[in-house]
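Architecture at a glance
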Amino acid sequence: MKLRVLGIAAVLVGLSANAALASSACTAFVRIDEDNAQACLNLVRNKTRSAGFNGSRTGESYFFWFNQNVVSTRCIDGTIVAMAAYHQRDNQACPLLDRIKDVLDNK
């Protein structure tokens, strides 16, 4: 019985380790033409809100949550929006990031 329990525990640990390895991350940036970080933040808020995304602001960053997955944007000197995304599934972070990037990159 102990051996069976240990075998089941080993399988569960192996499955959870594989699930942890299946996550993905992605980064990108968009050049914009704003005078300062505050103007950049306003642009990020206005463009994403008009596209239906509701971000939460922390300092000079916005976080866009999609369940347990996230896209973060950070304004750098009003001329660059740096972005990073995390997704629980493999190869899904970049498509998630592109949803926000496409809104900001649309001139």
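Relevant structure appears above.
Summarised in this report is the structure supplied together with it. (Residues numbered from 1 in each chain as written. Predicted model: local features only at pLDDT ≥ 70, side-chain atom pairs only at ≥ 80, totals over all residues. Heavy atoms only, no water.)

**Description of the nonpolar core**
The condition that has to hold: Each nonpolar core is a collection of buried residues, namely Ala, Val, Leu, Ile, Met, Phe, Trp, Tyr and Cys, held together in the definition by side-chain atoms within 4.5 Å. Partly exposed residues are those whose accessible area sits between 20% and 50% of the maximum for their type, while under 20% is buried and over 50% is exposed, using a 1.4 Å probe and protein chains only. Only runs of H or I of at least four residues qualify as helices and only runs of E of at least two qualify as strands under DSSP, and these elements are numbered from the N terminus. In this description, contact between two residues means that some pair of their heavy atoms is separated by no more than 4.5 Å.
Counting 23 residues, the largest nonpolar core has Val44, Phe64, Phe66, Val71, Val81, Met83 and Ile100 as its most contacted members. Sorting the residues of this core by element identifies strand 1 (24-31), helix 2 (37-50), strand 3 (61-66), strand 4 (69-76), strand 5 (80-87) and helix 3 (93-105) as the ones contributing at least two each. The element best represented in this core is helix 3, accounting for 6 residues. Contacts of Met83, omitting those with residues within four sequence positions, involve Cys26, Thr27, Ala28, Phe29, Val30, Ser72, Thr73, Leu97, Ile100, Lys101 and Leu104.

**A few points about the side chain of His87**
The residue His87 is located in strand 5 in this model. Residue classification places His87 among the buried residues on the basis of a relative accessible area of 13%. Residue contacts for His87: discarding those within four places in its chain leaves Ser23, Ser24, Asn69, Gln92, Ala93 and Leu96.

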